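Observations on chain architecture
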Amino acid sequence: AELARNAWQSLGSSEIIVQDIEQDVRAVSRQSIVSTRRIEKGEIITRNDLTIKRPGTGVEPHQINEIVGLIAITTIPPDTPIQYQNINSSVSTAQV
């Protein structure tokens, strides 16, 4: 019985906890939407203008379809993570 109890204890907790040392790795491992080319201020963003890359410092990849059709309110250099301050999130070509 004691061997079985020791075996169960050796498995540890089933709770998943992100350790402090893992926080940096998580940030670098995340991905974000990135410009594939220079997008000029006032330009409508198309799917071909966007890709997904690391690190995850910009808009999250699952929102890519929401970014397509929006208008750049600043010039976005190539290979730059898309930030909400770069796009007009209240106007899309569907509304224009």
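Figured I'd write up the structure that's included with this text. (Residues numbered from 1 in each chain as written. Predicted model: local features only at pLDDT ≥ 70, side-chain atom pairs only at ≥ 80, totals over all residues. Heavy atoms only, no water.)

1. Some thoughts on the pattern of salt bridges
Going by this rule: Just to be clear on terms, a salt bridge is a Lys or Arg side-chain nitrogen sitting within 4 Å of an Asp or Glu carboxyl oxygen. Numbering of helices and strands runs from the N terminus, with a helix taken as a DSSP run of H or I at least four residues long and a strand as a DSSP run of E at least two residues long. Classification of residues uses two cut-offs on accessible area relative to the type maximum, computed with a 1.4 Å probe and protein chains only: under 20% is buried, over 50% is exposed, and between them is partly exposed.
Per the counting criterion, the structure on display carries four salt bridges. R37 is the salt-bridge partner of D49, the closest N and O atoms lying 2.6 Å from each other. Here the residue D49 occupies a position in the loop between β1 (32-35) and β2 (50-53), and R37 occupies one in the loop between β1 and β2, the gap between them amounting to 12 residues. Linking K53 and D79 is a salt bridge whose minimum nitrogen-to-oxygen distance equals 2.5 Å. Here D79 lies in the loop between β3 (70-72) and β4 (87-92) and K53 lies in strand β2, a separation of 26 residues in the sequence. Judged by its relative accessible area of 36%, K53 is partly exposed. A relative accessible area of 48% means that D79 is categorised as partly exposed. A cluster of three or more residues bridged by salt bridges with shared partners is formed by R37, E43 and D49.

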